[in-house]
There are 2 protein chains.
Amino acid sequence: MKVYVSADLPRDLAGRLSRAVEVVGRDRMGEAEAALCFRITPEELKSMPRLRFLQVITAGLDHLPWEAIPPHVVVAGNAGSNADAVAEFAVAMALGAYKRVIHYDRRMKRGEYGRDVGIPMAVGSKAAVLGLGEIGTRVAKMLATLGLRVYGFSRTRKEGPWVFTSDLLEAMAGARIAVSALPLNKHTRGLVKYQHLAAMDGEGVFVNVGRAEVVERGAVERILRERPGFIFASDVWWSRSDFAKDADIISLPNVVATPWVAGGYGNELVWRRMLEEAVDNLLRWVNGETPRNIARREDYV
Amino acid sequence: MKVYVSADLPRDLAGRLSRAVEVVGRDRMGEAEAALCFRITPEELKSMPRLRFLQVITAGLDHLPWEAIPPHVVVAGNAGSNADAVAEFAVAMALGAYKRVIHYDRRMKRGEYGRDVGIPMAVGSKAAVLGLGEIGTRVAKMLATLGLRVYGFSRTRKEGPWVFTSDLLEAMAGARIAVSALPLNKHTRGLVKYQHLAAMDGEGVFVNVGRAEVVERGAVERILRERPGFIFASDVWWSRSDFAKDADIISLPNVVATPWVAGGYGNELVWRRMLEEAVDNLLRWVNGETPRNIARREDYV
């Protein structure tokens, strides 16, 4: 079994892989039946006519050139590998914004020592968690243990410490904290619209740690302009990594912004775990077992 | 029974009190056997020779003129009445600072879109909670449910989801998050010294939602200068409400600062609950029951 690897692996992980398969580089990728990568181009895909399995190291799969992936190729993502990191970050962002810590810290740094806004309570308040995958489930459990009444939104029913709904408006109506951990696919693109944000509490906080494109940009601009007390807190941006293009929103006073770091940026343990889980999953396929996180092609194409 | 009330009570609470006791104002305070107040002056105390019970509306009692309070006067505080608010705020501050949400938000607001520091993990990390009263207990439970290994520090043993210790250095050594919810009294003034802060993890966050004077100011200045990755996050300041006097510390990049708002500033529900619990506790004394939160005079004098 030949596997094309386009990621740098730590020595022990590379060793584990080499003992099970023959790792090939770019020069021999034509022989590869499987590939391990962060991202892949249509050209690389064209150079691997024998490809049957693609293991992606990222949790999200929305960046893949789906039209160029032959339908018989099985694609596996890496959901869950950094879910702890993202979930913690989401809760930190939600509480830091909602309890107005960030608001008052900004004022104090400017030498404005007066108090202007009240501190809302989290306990007993309604929260909405959009997406009940590895990240959303963790976020929902954390918010529930902090005493919030959590509504969990997902396409398919999932039980947990939340009121389940597949009606987005029901999930978000009156919510004081909403966290989106939705993946980006053809069902979720532009799903969160003005009416959903407007249905939240006027002091509410919408947190996005999934993908920016799940939320309509124009809806965010409008709600932030209309409601100075409403907070949009996001780690992900419509411009992807070209954050300056979203500066008009990032610079607004009722926006909390971080540069796509929730997944444990710069944290070697998180990084290591992501690579490890991707290699493990690839080896599942190699050994004839069923890999985890197999993508539904129809969600993307 | 005559009670001197120096606080504004909502109509229904004032009514509840009036049905049980005779409320007197400043002109007849000489007849009062009990008093309900936020703060009290030595002059007021001198004007109440018949005083036997003092119900304070605040949780902390360190602002009372203890030397002027006759030893036979029973003093009750209001710990717990806003403990939910302070505990939520402490966790919001701890996570917002520790997960570097606040750090990156500041950078994004300045148009600095690059990533400089890694995002540490909370789950599995050691946390220290100083003070296991109403607030500390709540904070410790929240941090434990978020997956941190919590050490609880207090003078007297208390069981909970923490490793109990009455050794401050043991509690703080290696901790990545430490939260002080200690009251200020003669046992806690200046308790947290340089050696304790220096024993924490270099990426750690020390959060104070109790009283500033529990921590040595010079120790904070020194650790912040020596360790740029260490964060001091505080809602309370040595200058009390005259925050400009602490501007040298507040303005440091590794400081997160809020203006003494954790107790639910501007939140009418929190405010109402504090007044209600104080009135209830006063009525306990009036009815011959044992009031809650009776202060130990020897902690202050």
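Note that this is a predicted model, so its numbers are computed, not measured.

(A) Structural context of the overall build of chain A. Across its full length, chain A carries ten helices and twelve strands. Here the C-alpha radius of gyration of chain A, 21 Å, is about what a compact globule of 301 residues would show, namely 19 Å. Projecting the C-alpha coordinates of chain A onto the three principal axes gives extents of approximately 65 × 40 × 35 Å. Counting over 301 residues, chain A shows a buried share of 56%. On chain A, roughly 12100 Å² of surface is accessible, and the fraction owed to carbon and sulfur atoms is 50%. Counting 41 positive and 36 negative side-chain charges, chain A places the centres of these two groups 2 Å from one another.

(B) Layout of the nonpolar core. Of all hydrophobic cores here, the largest spans 82 residues; its most connected members are Val139(A), Leu143(A), Ile177(A), Val139(B), Leu143(B), Ile177(B) and Val179(B). Discounting chain neighbours no more than four positions away, the residues touching Ile177(B) are Ala94(B), Leu95(B), Tyr98(B), Lys126(B), Ala127(B), Ala128(B), Leu143(B), Leu148(B), Met200(B) and Val205(B). Ala128(A), Ala171(A), Trp237(A) and Met108(B) belong to the second-largest nonpolar core, a separate cluster that totals 34 residues.

(C) Focus on the sheet that holds strand S10 (residues 205–208) of chain A. Residue and element names in this part refer to chain A. Overall, parallel pairing links the seven strands, which are arranged S8-S7-S6-S9-S10-S11-S12 in an open sheet. Both edges of this open sheet fall to strand S8 (163–165) and strand S12 (255–257), since each of them pairs with a single strand only. Between one strand axis and the next, the sheet turns through 15° on average, direction left out of account. Pairing between strand S9 (residues 177–180) and S10: four bridges, direction parallel. Pairing of Ile177 across the sheet is with Val205, part of S10.

(D) Broad picture of the relation of the copies chain A and chain B. Expressed as a screw transformation, the operator carrying chain A onto chain B has a rotation angle of 180° and an axial translation of 0.0 Å, and the superposed copies differ by an RMSD of 0.0 Å. Taken together, the rotation and translation describe the operation of a two-fold axis. Scanning chain A for the C-alpha nearest the rotation axis identifies Gly96(A), at a separation of 2.5 Å.

(E) How the structure looks around the sheet that holds strand S4 (residues 53–56) of chain A. Residues and elements named next belong to chain A. Taken in spatial order, the five strands make up an open sheet running S2-S1-S3-S4-S5, and their pairing is parallel. Strands with a single pairing partner mark the edges of an open sheet, and in this sheet they are strand S2 (22–24) and strand S5 (74–76). Across this sheet, the average inter-strand angle for adjacent strands is 20°, counted without regard to direction. Relative to S4, strand S3 (residues 34–37) runs parallel, the two sharing four bridges. Within S4, the residue paired with Leu36 across the bridge is Gln55.

Cut-off values and rules
- Residues numbered from 1 in each chain as written.
- Chains lettered and ligands numbered in written order.
- Predicted model: local features only at pLDDT ≥ 70, side-chain atom pairs only at ≥ 80, totals over all residues.
- Heavy atoms only, no water.
- Helix = DSSP H or I, 4+ residues; strand = E, 2+ residues; numbered from the N terminus.
- Rg over C-alpha atoms; globule rule 2.2 N^0.38 Å.
- Buried < 20%, exposed > 50% of the residue type's maximum accessible area, 1.4 Å probe, protein only.
- Areas by Shrake-Rupley, 256 points an atom, 1.4 Å probe, with all protein chains shown as cover.
- Lys, Arg positive; Asp, Glu negative; His and termini not counted.
- Charge placed at Lys NZ, Arg CZ, Asp CG, Glu CD.
- Core = buried A, V, L, I, M, F, W, Y, C linked by side-chain atoms within 4.5 Å.
- Contact = heavy atoms within 4.5 Å.
- Pairing = 2+ DSSP bridges.
- Axes fitted to C-alpha atoms, helices over the stretch in contact; angles between N-to-C directions.
- Least-squares fit on C-alpha atoms with pLDDT ≥ 70 in both.

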